[in-house]
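Listed here are the chains, written in short residue letters.
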Amino acid sequence: MSSSNKQYSLATLAVIGATLLIASCASNQPSCSSPQTRNLSAATKIVQSNLMSGCQAHFDSYYDDLLTIAEGDPKPENKREFSDFLVWSTDQGLLSKRQAEDYYNRYFNVKFMSMKGDYNNCSHTCPNKQKVLFNMQRELSDKERGLLRVSLDNDAYYRADKLFQEVELVLEATCMACSAGR
């Protein structure tokens, strides 16, 4: 290989290397790291900043991080912090109003999101009874986390637990009646 060809090859490699370096600098991805503070208000601000910096795909994990941080300092005011965060998320277009309500209700309300909807129990719920009860049981665990471990709302959690037991009994009786009526 001649000396001019070697110089041409080295120059080409240098241009390619510089192009790759510039491209990697231009595509700085946000870190999307979890908040490291144990203060819920400070963590919420960090999460909001991350969400506005391109980390929207991490919304669920950020929400879980905030719940974990709140569990370290449980108090009734934490419900308001989560409500404000979800309203902010809706205002920023990260969530629809219905999605924000679902997030809040799943953790901080006694009503079960797993049972919402307008459908006939005999034709819809009874054939899927085990799945419905499984989903409600998982949601009850989330309510335990939100109502008991995050916001210390024992009364609301025990109302949700009682509602779960009542729905379980009513669903069983309804499905037995549906089977007998066929």
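Being a predicted model, the structure only gives us computed values, none of them experimental. (Residues numbered from 1 in each chain as written. Predicted model: local features only at pLDDT ≥ 70, side-chain atom pairs only at ≥ 80, totals over all residues. Heavy atoms only, no water.)

Chemist: With reference to specific residues and values, describe the overall build of the protein.
Modeler: Helix and strand counts for the protein stand at eight helices and zero strands. What you see in the protein, going N to C, is helices and strands ordered as α-α-α-α-α-α-α-α. The 182 residues of the protein split such that 32% are buried. For the protein, the exposed area adds up to about 11300 Å²; of that, 53% sits on carbon and sulfur atoms. (Helix = DSSP H or I, 4+ residues; strand = E, 2+ residues; numbered from the N terminus. Buried < 20%, exposed > 50% of the residue type's maximum accessible area, 1.4 Å probe, protein only. Areas by Shrake-Rupley, 256 points an atom, 1.4 Å probe, with all protein chains shown as cover.)

Chemist: Let's hear about the nonpolar core: which residues, and what values?
Modeler: Membership of the largest hydrophobic core comes to 23 residues, with the highest contact counts inside it found for Phe-59, Tyr-63, Phe-82, Phe-85 and Leu-86. Broken down by element, this core gets its largest block of residues, seven residues, from helix α3 (residues 59-71). With near-sequence residues (within four places) excluded, Phe-59 lies in contact with Leu-51, Phe-85, Leu-86, Ser-89, Leu-95 and Tyr-103. Residues Leu-133, Leu-148, Ala-156 and Cys-178 belong to the second largest nonpolar core, which totals 16 residues. (Core = buried A, V, L, I, M, F, W, Y, C linked by side-chain atoms within 4.5 Å. Contact = heavy atoms within 4.5 Å.)

Chemist: I'd like a description of the state of the cysteines, backed by residues and values.
Modeler: Tallied over the full model, the rule gives three disulfides. Residue Cys-126 pairs covalently with Cys-175 via a disulfide, S to S 2.1 Å. Its torsion about the S-S bond being -95 degrees, the disulfide of Cys-126 and Cys-175 is classed as left-handed. One end of the pair, Cys-126, is in the loop between α6 (121-125) and α7 (129-150); the other, Cys-175, is in helix α8 (residues 154-180), and 49 residues separate them in sequence. Judged by relative accessible area, which is 15%, Cys-126 ranks as buried. (Disulfide = S-S within 2.5 Å.)

Chemist: Tell me about helix α5 (residues 97-108), and please be specific about residues and values.
Modeler: Over its 12 residues, α5 extends 16 Å from the first C-alpha to the last, a length consistent with the 16 Å expected when each residue adds 1.5 Å. Of the residues making up α5, those classed as buried are Ala-100, Tyr-103, Asn-105, Tyr-107 and Phe-108. On its buried side, α5 packs onto α3, α4 (77-91) and α7. (Expected span 1.5 Å × (residues − 1).)

Chemist: With reference to specific residues and values, describe unusual backbone geometry.
Modeler: Backbone phi values are negative for most residues with the exception of glycine, while trans is the configuration of most peptide bonds. The backbone of Cys-32 sits at a positive phi, close to 55 degrees, despite the residue not being glycine. The residue Cys-32 is located in the loop between α1 (3-26) and α2 (40-52) in this model. Owing to a relative accessible area of 17%, Cys-32 belongs among the buried residues under this scheme. A positive phi is found at Leu-152, a non-glycine position, where the angle reads about 55 degrees. With respect to the helices and strands, the residue Leu-152 is situated in the loop between α7 and α8. Relative accessible area serves as the criterion here: at 46%, Leu-152 is assigned to the partly exposed category.

Chemist: Just give me the short version of the packing of α3 against α4, but keep the residues and values in it.
Modeler: Packing of α3 against α4 leaves a shortest axis separation of 11 Å and a crossing angle of 165 degrees. As judged from the angle between their axes, α3 and α4 are roughly antiparallel. Seen from above, α3 lies across α4 with right-handed handedness. Contacts between α3 and α4 involve Phe-59, Tyr-63, Leu-66, Leu-67 and Ala-70 on the former and, on the latter, Asn-78, Phe-82, Phe-85, Leu-86 and Ser-89. (Axes fitted to C-alpha atoms, helices over the stretch in contact; angles between N-to-C directions. Parallel < 35°, antiparallel > 145°, perpendicular 65-115°, else oblique. Left-handed = near helix turned anticlockwise from the far one by under 90°.)

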